[in-house]
Amino acid sequence: MNQAGSPGAVRFAAEEFPLLPTAGNLTVPNPARVYDALLGGKDNFAADRAVADTLAAAKPALRHNVRANRAYLGRVVRYLASKAGIRQFLDLGTGLPSLDNTHEVAQRVALESRIVYVDNDPIVIAHARAMLVSSREGETACLKADIRDPEAILEQSAKTLDFDQPVAVMLLGVLYTIPDADRPYDKVAAYLAAAAPGSYLAISHPASDIDAESAARAARYYDASMPTTQTNRTRAEVSRFFAGLELLAPGVVQLNKWRPDPGDADPGVQISSWAGLGRKR
């Protein structure tokens, strides 16, 4: 990997984290590793797979939802980089690196794209440090921070991103971890307030009003198994995050219905997550 500051570098704001998780982490379920297990990844352990299996049993369509969320990431980043001309991405709550991460999709379209990943999980940072490689023309940075602290994140991100130019703020499958008591709408508004006109907000969010009984049951199991809680939201509640923005067609819709690629297969189940993309005028 290139040295920090050189073209193609991946910079980290917390160098004290080890390259790999310590053994002490392996028997405790970790949210990012549970998601990786649901996605069919390899960066998870028995404790994570046990929780993933329990959640999937409570909500049989869950693995379809996780895959649909990953596919949405690819489609929305590709649209932003190719159609909207965005060259800067702030990916909040990124999770473990997987196939076709934000920087890979964006830099496939435009090598000069600059990406900042943010997560508060040291395990995510450790894996990212070991795996993420940027294009030489662009830059990818990874910050350990809580997405509920936009002021600190914006300050650190400004080392990589120019907020006088449009940026895509991405909150994919992460806002459900912020309960209403922590004012998620205010946090999202703070990120958008710092962004230049022409910036975008991309969101995906578990739904409380699709497959409602299974969604509520899985959320209860999640709360009982994990250190974080899960707040599913209705379509109206997710739409509220886009207040004041130009909401692009087709609006806030199920993940698999947001601009599907030609030939995308019908998942055969109800995808119980909402997705949308808004533009700051």
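For the structure, check the block above.
In short, a report on the structure. Note that residues are indexed from 1 along each chain, following the sequence as it is written. For this predicted model, a pLDDT threshold of at least 70 governs which residues receive local features, and a threshold of 80 or more governs which side-chain atom pairs are given and counted, while totals over whole chains, interfaces and linings are taken from all residues. Hydrogens are left out, water is left out, and the side-chain values use all remaining heavy atoms of the structure.

A few words on the overall build of the protein. The numbering of helices and of strands both runs from the N terminus, where a helix is a DSSP run of H or I of at least 4 residues and a strand a run of E of at least 2. From N to C terminus, the protein includes nine helices and nine strands. For every residue, the accessible area obtained with a 1.4 Å probe (protein chains only) is divided by the maximum for its type, and the residue is called buried under 20%, exposed over 50%, and partly exposed between those limits. Counting across all 281 residues of the protein, residues that qualify as buried make up 52%. Across the protein, every contact between residues at least 6 apart in sequence was considered, and the portion connecting residues at least 24 apart equals 77%. In this description, accessible areas are obtained by the Shrake-Rupley approach with a 1.4 Å probe, and a residue is regarded as covered only by the protein chains that are shown. For the protein, the accessible area works out to roughly 12200 Å², and carbon and sulfur atoms hold 52% of it. Here, residues are in contact when the closest pair of their heavy atoms is within 4.5 Å.

Between the first and last C-alpha of helix H2 (residues 46–58) there are 18 Å, a value that for 13 residues agrees with the 18 Å anticipated at 1.5 Å per step. Where H2 is buried, its residues meet helix H1 (31–39), helix H3 (62–82) and helix H8 (212–225). Multiplying one less than the number of residues by 1.5 Å gives the expected span of a helix.

So, about the packing of helix H6 (residues 150–157) against helix H7 (residues 184–194). Relative to each other, H6 and H7 sit at 30°, their axes nearing to 10 Å. Looking at the two axes, H6 sits roughly parallel to H7. Of the two possible hands of crossing, H6 and H7 adopt the one that is right-handed. On the side of H6, the interface is formed by Pro150, Ile153 and Leu154, while H7 contributes Lys187, Ala190, Tyr191 and Ala194. Charged means Asp, Glu, Lys or Arg here, nonpolar means Ala, Val, Leu, Ile, Met, Phe, Trp, Tyr, Cys or Pro, and polar covers whatever is left, Gly included. In the contact of H6 with H7, the residues fall into six nonpolar, no polar and one charged. Interaxial angles span 0 to 180 degrees and are taken between N-to-C directions of axes, which are lines fitted to C-alpha atoms, for helices over the stretch in contact. Small angles under 35 degrees read as roughly parallel and large ones over 145 as roughly antiparallel, with 65 to 115 read as roughly perpendicular and the rest as oblique. Two helices cross in a left-handed way if the nearer one is turned anticlockwise from the farther one by less than a right angle. They cross in a right-handed way if the turn is clockwise.

Turning our attention to the nonpolar core. What makes a nonpolar core is a set of buried Ala, Val, Leu, Ile, Met, Phe, Trp, Tyr and Cys residues whose side-chain atoms join them at distances within 4.5 Å. The biggest cluster of nonpolar side chains holds 33 residues, and the ones touching the most others in it are Leu90, Leu92, Val118, Leu171, Tyr191 and Leu201. Only strand E2 (88–92), strand E3 (114–119), strand E4 (139–144), H6, strand E5 (168–172), H7 and strand E6 (200–206) provide two or more residues apiece to this core. When residues of this core are assigned to their parent elements, the largest contribution, four residues, is made by H7. Residues in contact with valine 118, not counting those within four places in the same chain, are Leu90, Asp91, Leu92, Gly93, Thr94, Leu143, Ala145, Ile147 and Ile153. Membership of the second largest hydrophobic core comes to 29 residues, among which are Ile115, Cys142, Tyr200 and Leu248.

A word on the environment of leucine 99. Mapping leucine 99 onto the fold places it in the loop between E2 and helix H4 (102–109). The spacing of leucine 99 and glycine 41 is 58 residues in sequence and 9.2 Å in space, taken between C-alpha atoms. Sequence-distant contacts of leucine 99, defined by excluding residues within four places in its chain, comprise Arg70 and Glu104.

Within H1 the residues assigned to the buried category are Ala32, Arg33, Val34, Asp36, Ala37 and Leu38. We call two N or O atoms a polar contact when they sit within 3.5 Å, provided that within protein one can donate a hydrogen and the other can accept it, with sequence-adjacent residues counted only if both atoms are side-chain atoms. Regarding H1, its N-cap is asparagine 30, as a side-chain oxygen of that residue lies 3.0 Å from the backbone nitrogen of alanine 32 further along. Remark: glycine 40 follows H1 within two positions and exhibits a positive phi of approximately 90°.

What follows deals with the environment of tyrosine 117. Residue placement: tyrosine 117 occurs in strand E3. Residue class for tyrosine 117 comes out buried when judged on its relative accessible area of 2%. Taking C-alpha positions, tyrosine 117 is 9.8 Å from alanine 145, a pair spaced 28 residues apart along the chain. Engagement of the side chain of tyrosine 117 in a polar contact is seen with the backbone nitrogen of threonine 102, the distance being 3.2 Å.

Attention now goes to the packing of aromatic side chains. Here is the rule: rings of Phe, Tyr and Trp (six-membered ring for Trp) pair when centre to centre is within 6.5 Å. Planes less than 30 degrees apart are stacked, more than 60 are edge-to-face, and the remainder are tilted. Within this structure, the stated rule accounts for four aromatic pairs. Measuring from centroid to centroid gives 6.3 Å for tyrosine 79 and tryptophan 258, while their planes differ by 85°, and the two rings are edge-to-face. Separated by 179 residues along the polypeptide, tyrosine 79 in helix H3 and tryptophan 258 in the loop between strand E8 (253–254) and strand E9 (273–279) bring together distant segments of the chain. Tryptophan 258 matches tyrosine 79 in its accessibility class, with the two residues each being buried. Where tyrosine 185 meets phenylalanine 241, the ring centres are 4.2 Å apart and the plane angle is 25°; that geometry is what we call stacked. Remark: phenylalanine 241 occurs in the loop between helix H9 (235–239) and strand E7 (246–247) and tyrosine 185 occurs in helix H7; sequence separation between them is 56 residues. Look at tyrosine 185 and you get buried, because its relative accessible area is 15%. Connected via pairs of aromatic rings, a cluster forms that spans Tyr72, Tyr79 and Trp258. The rule is short: NZ of Lys or CZ of Arg within 6 Å of the ring centre and within 35 degrees of the ring normal puts a charge over the ring. Taking NZ or CZ as reference, arginine 240 lies 3.8 Å from the ring centre of tyrosine 185, over its face. If you follow arginine 259 out to its NZ or CZ, it ends over the ring of tyrosine 79, 4.7 Å from the centre.

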